[in-house]
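Each chain, written out:
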Amino acid sequence: MRVAVFSSKSYDQKFLEAANRNYNHELVFFEPRLTSSTIILAAGFPAVCLFVNDQGDGTILKALAENGTRLIALRCAGFNQIDLQTAKELGITVVRVPAYSPYAVAEHAIGLILTLNRHLHRAYQRVREDNFSLEGLLGFDLYGKTVGIIGTGKIGAIIANILHGFGCKLLAYDLYPNPHCQELGVKYVQLPELYPAADIITLHCPLTPETHHLIDAQALGMMKQGVMLINTSRGPLLNATAAIAALKSGKIGYLGLDVYEGESNLFFEDLSTAVIQDDVFQRLLTFPNVVITGHQAFFTDTALENIAETTLANIRDFAAGNGCVNEVV
Ligand code: NAD
């Protein structure tokens, strides 16, 4: 099948081309994101392959359909960027990669926790400047701390496993409790019970209308003073402006983000010589107790191999007309 691959970086091309030896799709790589300005590139392609910050609202979908596109192959798990109702009405099939390496994301979240609780980001800078003072680097043991996990699907359950190994007490909130977590001793509670009890809160639920700004000023107000908050899920789960107020008051003691609600204008690009216009993001960067990575939690070789393999198999299944197990309905 002829596929226009948007938001493609050198690493996407490398892994997709390697996997494509077994599929022989005609892949055409475009570096820009899919937006109303770049949609012309998709003209005549029956399939487009998109990533997390490509746009898939109703206007874009209508233009895609008019151009002859019948398949959107997402090379990610989340599908919040696609207007599924409009896609259905237009007869565009949407497929995704539901799991490629939940370990990659879970391990990255743990990396953020360990960086923050021992100030490794600051220690790294100090030692490079021959500053071996320990002032301001006092950490805390994870052992015995209470961690609240919001969303215990594939990634949240791995987080639970790892933190269980650290000797943490585990609370969780999910619409559907995970039996594996329950066997591990995770206690499911409602959010008003989780917020004040947790020393660390880590988000692993999807972005939906219900979870948009799940963590806002009101939720933050219920949390422990000095709480550690980790978001590796989707940026809009956290109201970033409310987070800044909570950092200033000391309510949030540590903030680890791999995602940010305004990330589509920032992440995946080298903007080191640009003047960043996003004042909220820039303010977040000024706090010593904030660590931000640019949506890289998924970024391991295992994950990229699996993303490439599943994406190309999804396209093959669609082209064969057999239906696709990874269709988003
Ligand atoms: P999953 O579908 O296996 O698990 C999601 C869990 O969230 C499910 O158990 C579901 O019941 C629960 N949930 C749904 N709505 C909820 C709500 N309102 N409140 C609480 N729980 C709710 O998904 P996963 O593979 O574990 O991935 C979780 C999220 O991680 C994805 O939605 C995606 O946004 C994010 N993600 C981020 C990266 C990254 O690179 N940073 C990579 C992959 C996935």
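The written sequence of each chain sets the order in which its residues are numbered from 1. Local features in this predicted model are restricted to residues whose pLDDT is 70 or higher, and side-chain atom pairs enter the listing and the counts only when it is 80 or higher, whereas totals over whole chains, interfaces and linings include all residues. The side-chain numbers reported here are obtained from all heavy atoms of the structure, hydrogens and water having been left aside.

### Concerning the overall build of the protein
Stated formally: Each helix corresponds to a stretch of at least 4 residues labelled H or I by DSSP, and each strand to a stretch of at least 2 residues labelled E; elements are numbered beginning at the N terminus. Our radius of gyration is a C-alpha quantity, and the globule rule it is checked against amounts to 2.2 Å times the number of residues to the power 0.38. Working rule for contacts: check all heavy atoms of both residues, and any pair within 4.5 Å makes them a contact. Note that accessible areas follow from Shrake-Rupley with a 1.4 Å probe, and for residues the cover is restricted to the protein chains shown.
For the protein, the helix and strand inventory stands at 12 helices and 12 strands. By the compact-globule yardstick of 20 Å for 329 residues, the protein fits well, its C-alpha radius of gyration being 21 Å. By principal-axis analysis of the C-alpha atoms, the protein measures approximately 60 × 50 × 35 Å. Long-range contacts, defined as pairs at least 24 residues apart, comprise 66% of the intrachain contacts of the protein with a sequence gap of at least 6. Accessible surface computed for the protein: about 15,500 Å², of which carbon and sulfur atoms make up 52%.

### Section: the pattern of salt bridges
In plain terms, the rule: What makes a salt bridge here is a side-chain nitrogen of Lys or Arg within 4 Å of a carboxyl oxygen of Asp or Glu, nothing more. Relative accessibility thresholds used throughout: buried, under 20% of the residue-type maximum; exposed, over 50%; partly exposed, between the two (1.4 Å probe, protein chains only).
What the rule picks out here adds up to 6 salt bridges. The salt bridge involving Asp12 is made with Arg75; its shortest N-O contact spans 3.7 Å. One end of the pair, Asp12, is in helix 1 (residues 10–19); the other, Arg75, is in the loop between strand 4 (71–74) and helix 3 (84–90), and 63 residues separate them in sequence. Neither Asp12 nor Arg75 differs from the other in exposure class; each is buried.

### Describing the sheet that holds strand 10 (residues 227–231)
Spelled out, the test is: Pairing between two strands requires that DSSP report at least two bridges joining them. Axis geometry follows a simple rule: fit a line to the C-alpha atoms, using only the stretch in contact for helices, then measure angles between N-to-C directions, giving values from 0 to 180 degrees.
Within the open sheet, the 7 strands sit side by side as 8-7-6-9-10-11-12. Their pairing is parallel. The strands lining the two open edges of the sheet, one partner per strand, are strand 8 (187–188) and strand 12 (290–292). Relative to strand 11 (residues 252–257), strand 10 is paired through 5 bridges, and the arrangement is parallel. Each bridged residue has a counterpart across the sheet, and for Val227 the counterpart in strand 11 is Ile252. Relative to strand 6 (residues 146–150), helix 6 (residues 154–166) is tilted by about 170 degrees, and along the sheet it contacts strand 6, strand 7 (169–173) and strand 9 (200–203). Helix 10 (residues 240–249) rests against strand 11 and strand 12 of the sheet, and its axis sits at about 140 degrees to strand 11.

### Section: the packing of helix 4 (residues 102–117) against helix 6
The cut-off we apply is this: Angles are sorted into four bins: roughly parallel if under 35 degrees, roughly antiparallel if over 145, roughly perpendicular if 65 to 115, and oblique for all others. For any pair of crossing helices, the crossing counts as left-handed if the nearer helix is rotated counterclockwise from the farther one by less than a right angle, and right-handed if it is rotated clockwise. Residues are grouped as follows: Ala, Val, Leu, Ile, Met, Phe, Trp, Tyr, Cys and Pro are nonpolar; Asp, Glu, Lys and Arg are charged; every other residue, Gly included, is polar.
Two elements in contact, helix 4 and helix 6, have axes separated by 8 Å at closest approach and are oriented at 45 degrees. Between helix 4 and helix 6, the angle falls in the class oblique. Along this stretch, helix 4 crosses helix 6, giving a crossing that reads as right-handed. Residues Pro102, Tyr103, Val105, Ala106, Glu107, Ala109, Ile110 and Leu114 of helix 4 lie in contact with helix 6, whose contacting residues are Lys154, Ile155, Ile158, Ile159, Ile162, Leu163 and Phe166. When its residues are assigned to classes, the contact of helix 4 with helix 6 shows 13 nonpolar, no polar and 2 charged.

### Looking at the nonpolar core
So the rule is basically this: Only buried residues count toward a nonpolar core. Its members are Ala, Val, Leu, Ile, Met, Phe, Trp, Tyr and Cys residues joined through side-chain atoms within 4.5 Å.
Among the nonpolar cores identified, the biggest contains 47 residues, and Phe6, Val48, Leu50, Leu64 and Ile72 are the most heavily contacted of them. The residues contacting Ile72, other than those within four sequence positions of it, are Val48, Leu50, Leu61, Leu64, Ile82, Ile92, Thr93, Val94 and Val95. Of all hydrophobic cores here, the second largest spans 37 residues; its members include Tyr173, Met223, Ala242 and Phe267.

### Focus: the domain arrangement of the protein
Defined as follows: Just so you know, the domain bounds were taken from an automatic or database domain assignment. By definition, the buried area sums, over both parts, the 1.4 Å-probe accessible area that each loses when the two are put together. Pairing of N or O atoms within 3.5 Å defines a polar contact, subject to two protein rules: one partner must be a possible hydrogen donor and the other a possible acceptor, and residues neighboring in sequence count only if both atoms are side-chain atoms.
Assigned domains of the protein: these are domain 1 (2–100 + 300–320) and domain 2 (102–292). Counting residues at the interface gives 12 residues for domain 1 and 10 residues for domain 2. Together domain 1 and domain 2 conceal approximately 960 Å² of surface at their shared face, both sides included; 53% is due to carbon and sulfur atoms. Three residues, Lys9, Asn53 and Asn80, lead the burial of domain 1 against domain 2; their summed loss comes to 43% of the area buried on that side. On the surface where domain 1 and domain 2 come into contact, there are 1 salt bridge. Linking Glu269 and Lys9 is a salt bridge whose minimum nitrogen-to-oxygen distance equals 3.0 Å. Our count for the domain 1 to domain 2 interface comes out at 4 residue pairs in polar contact (both at pLDDT 80 or more).

### A few points about the packing of helix 1 against helix 12 (residues 301–320)
The geometry of helix 1 relative to helix 12 is characterised by a closest axis approach of 9 Å and an angle of 55 degrees between their N-to-C directions. As the angle between them shows, helix 1 and helix 12 are arranged oblique. Like other packed secondary-structure pairs, helix 1 and helix 12 cross with a definite hand, here right-handed. Contacts between helix 1 and helix 12 involve Tyr11, Phe15, Leu16 and Ala19 on the former and, on the latter, Asp301, Leu304, Glu305, Ala308, Glu309 and Leu312.

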